Amino acid sequence: MHAKDILIDAYTRIQEEVHTAVEGLTLDDLHHRPGPDANSVAWLIWHLTRVQDDHVAGGFGLDQVWLTQDWEKRFGLGLAPHDIGYGHTSAQVAEVRVDSADLLTGYYDAVQAQTLEALRGLAAEDLERVVDTNWDPPVTLGVRLVSVLSDCWEHVGQAAYLRGLLQSA
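The structure displayed is predicted, hence computed values, not measured ones.

Criteria and thresholds
Residue indices begin from 1 for each chain and proceed along its sequence in written order. Where local features are concerned, this predicted model is filtered to residues with pLDDT of at least 70; where side-chain atom pairs are given and counted, the filter is 80 or more; whole-chain, interface and lining totals use all residues. Only hydrogens and water are set aside when side-chain values are computed; all heavy atoms of the structure are taken into account. Axis geometry follows a simple rule: fit a line to the C-alpha atoms, using only the stretch in contact for helices, then measure angles between N-to-C directions, giving values from 0 to 180 degrees. Helix and strand definitions here come from DSSP, where helices need a minimum of 4 consecutive H or I residues and strands a minimum of 2 consecutive E residues; each element is numbered from the N-terminal end. In what follows, roughly perpendicular refers to angles from 65 to 115 degrees, roughly parallel to angles under 35, roughly antiparallel to angles over 145, and oblique to any angle outside these ranges. The hand of a helix crossing depends on one turn: near helix anticlockwise from the far one by less than a right angle means left-handed, and clockwise means right-handed. The contact definition used throughout considers only heavy atoms, calling two residues in contact when any of these lie within 4.5 Å. Side-chain classes are defined by residue name, with Ala, Val, Leu, Ile, Met, Phe, Trp, Tyr, Cys and Pro counting as nonpolar, Asp, Glu, Lys and Arg as charged, and the others, Gly among them, as polar. Just to be clear on terms, a salt bridge is a Lys or Arg side-chain nitrogen sitting within 4 Å of an Asp or Glu carboxyl oxygen. Accessible area is worked out with a 1.4 Å probe on protein chains only. A residue is then buried under 20% of its type maximum, exposed over 50%, and partly exposed in between. Expected helix span is taken as 1.5 Å per residue step, with the number of steps being one fewer than the number of residues. Here, nonpolar core means buried Ala, Val, Leu, Ile, Met, Phe, Trp, Tyr and Cys residues that are tied together by side-chain atoms lying within 4.5 Å of each other. Polar contacts here mean pairs of N or O atoms no more than 3.5 Å apart (in protein, one a potential hydrogen donor and the other a potential acceptor; neighbouring residues in sequence count only if both atoms are side-chain atoms). For Phe, Tyr and Trp, where Trp contributes only its six-membered ring, two rings pair if their centres lie within 6.5 Å, and the inter-plane angle classes them as stacked under 30 degrees, edge-to-face over 60, or tilted in between. The criterion is that NZ of a Lys, or CZ of an Arg, lies within 6 Å of the ring centre and within 35 degrees of the ring normal, and then a charge sits over that ring.

Let us now look at the packing of helix 3 (residues 41-60) against helix 7 (residues 101-120). At their nearest, the axes of helix 3 and helix 7 sit 10 Å apart, and the two run at 25 degrees to each other. Judged by the inter-axis angle, helix 3 sits roughly parallel to helix 7. Between helix 3 and helix 7 lies a crossing whose hand is left-handed. Residues A42, I45, W46, L48, T49, R50, Q52, D53, V56, A57 and F60 of helix 3 form the contact with helix 7, whose own contacting residues are L104, Y107, Y108, V111, Q112, Q114, T115, A118 and L119. Its residues assigned to classes, the contact of helix 3 with helix 7 comprises 13 nonpolar, five polar and two charged.

Take the pattern of salt bridges next. In this structure the tally under the stated criterion is four salt bridges. Here D9 and R13 are joined by a salt bridge, their closest N and O atoms 2.8 Å apart. A residue pair is termed a helical-turn pair when its members lie 3 or 4 positions apart in one helix, as D9 and R13 do in helix 1 (residues 3-22) at four residues. The class for R13 is partly exposed, based on a relative accessible area of 44%.

Before going further, it helps to spend a moment on helix 1. Compared with an ideal rise of 1.5 Å per residue, which puts 20 residues at 28 Å, helix 1 spans 30 Å between its outermost C-alpha atoms and is within 8% of the ideal. Taken together, the buried positions of helix 1 are L7, I8, A10, Y11, I14, Q15, V18, H19, A21 and V22. Elements that come into contact with the buried residues of helix 1 comprise helix 2 (27-31), helix 3, helix 7 and helix 8 (141-168). Immediately beyond the C-terminal end of helix 1, within one or two residues, lies G24, with a positive phi of roughly 85 degrees.

Cis geometry is adopted by the peptide bond preceding P137, which originates at D136 and carries an omega value of 5 degrees. Following the sequence through the fold, P137 ends up in the loop between strand 1 (130-132) and strand 2 (139-140).

The next thing to look at is the packing of helix 3 against helix 8. Contact geometry for helix 3 and helix 8: axes closest at 9 Å, N-to-C directions at 170 degrees. Relative to helix 8, the element helix 3 lies roughly antiparallel. Between helix 3 and helix 8, the contacting residues are V41, L44, I45, H47, L48, V51, Q52, H55, V56, G59 and F60 on the first element and L141, R144, L145, V148, D151, C152, H155, V156, Q158, A159, L162 and R163 on the second. Class assignment for the residues of the contact of helix 3 with helix 8 results in 14 nonpolar, six polar and three charged.

Counting residues in each nonpolar core, the largest one holds 46 residues, and the members touching the most others are Y11, L30, I45, F75, L104 and L145. Elements that contribute at least two residues to this core include exactly helix 1, helix 3, helix 4 (65-68), helix 5 (71-75), helix 7 and helix 8. Those residues within four positions of I45 in sequence are excluded, and the remaining contacts are V18, A21, V22, L104, V156 and A159.

The subject of this paragraph is helix 7. Look at helix 7: 28 Å from first C-alpha to last across 20 residues, which is about the 28 Å you get at 1.5 Å a residue. By the N-cap criterion, in which a side-chain oxygen at the helix start approaches the backbone nitrogen of a residue two or three places on, helix 7 is capped by S100, the distance to D102 being 3.3 Å.

Another aspect to go through is the packing of aromatic side chains. Counted according to the given criterion, the structure contains six aromatic pairs. Arranged with centres 5.2 Å apart and planes meeting at 50 degrees, the rings of W66 and F75 form a pair that is tilted. Each member of the pair, W66 as well as F75, carries the same accessibility label: buried. Among the aromatic residues, those joined into a ring-pair cluster are W46, W66, W71, F75 and Y107. Taking NZ or CZ as reference, R74 lies 3.8 Å from the ring centre of W71, over its face.

These values are about where atoms sit, not about what they do.
Dropping the structure here:
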């Protein structure tokens, strides 16, 4: 198995978990925050998708799906175009509201399609290419792709946990 096949498998599993985390939830469920500073399922899925969109697009020199496919307008959140949720305050988290679970999964699926297309064309030597010199050591594409996976797994796990809390109440 090649590295790109492992990455494709890992990203595909995230997609499955994103759908499982949100499908069938009501709007109240999607926006429920179990504490005053906690994240909602909607924010968690929106954020992990924004991170994947931003970081994978950047790593491969692509445009973000958020901007090129009008997802920013469809969500209508009024955030800066390149806002991915990093460092959001509790008030900003509360403002990330959606009209349906389908909006979240639709955006994720569009990002996933671009991610998988980029990964299918990946060569082993591409993983060593530096994509971010703002860190010491500089970040390679391989490290960035694993970092995105880690972030996505963390947040989709949080969304799944929150879903379980909601369904057990």
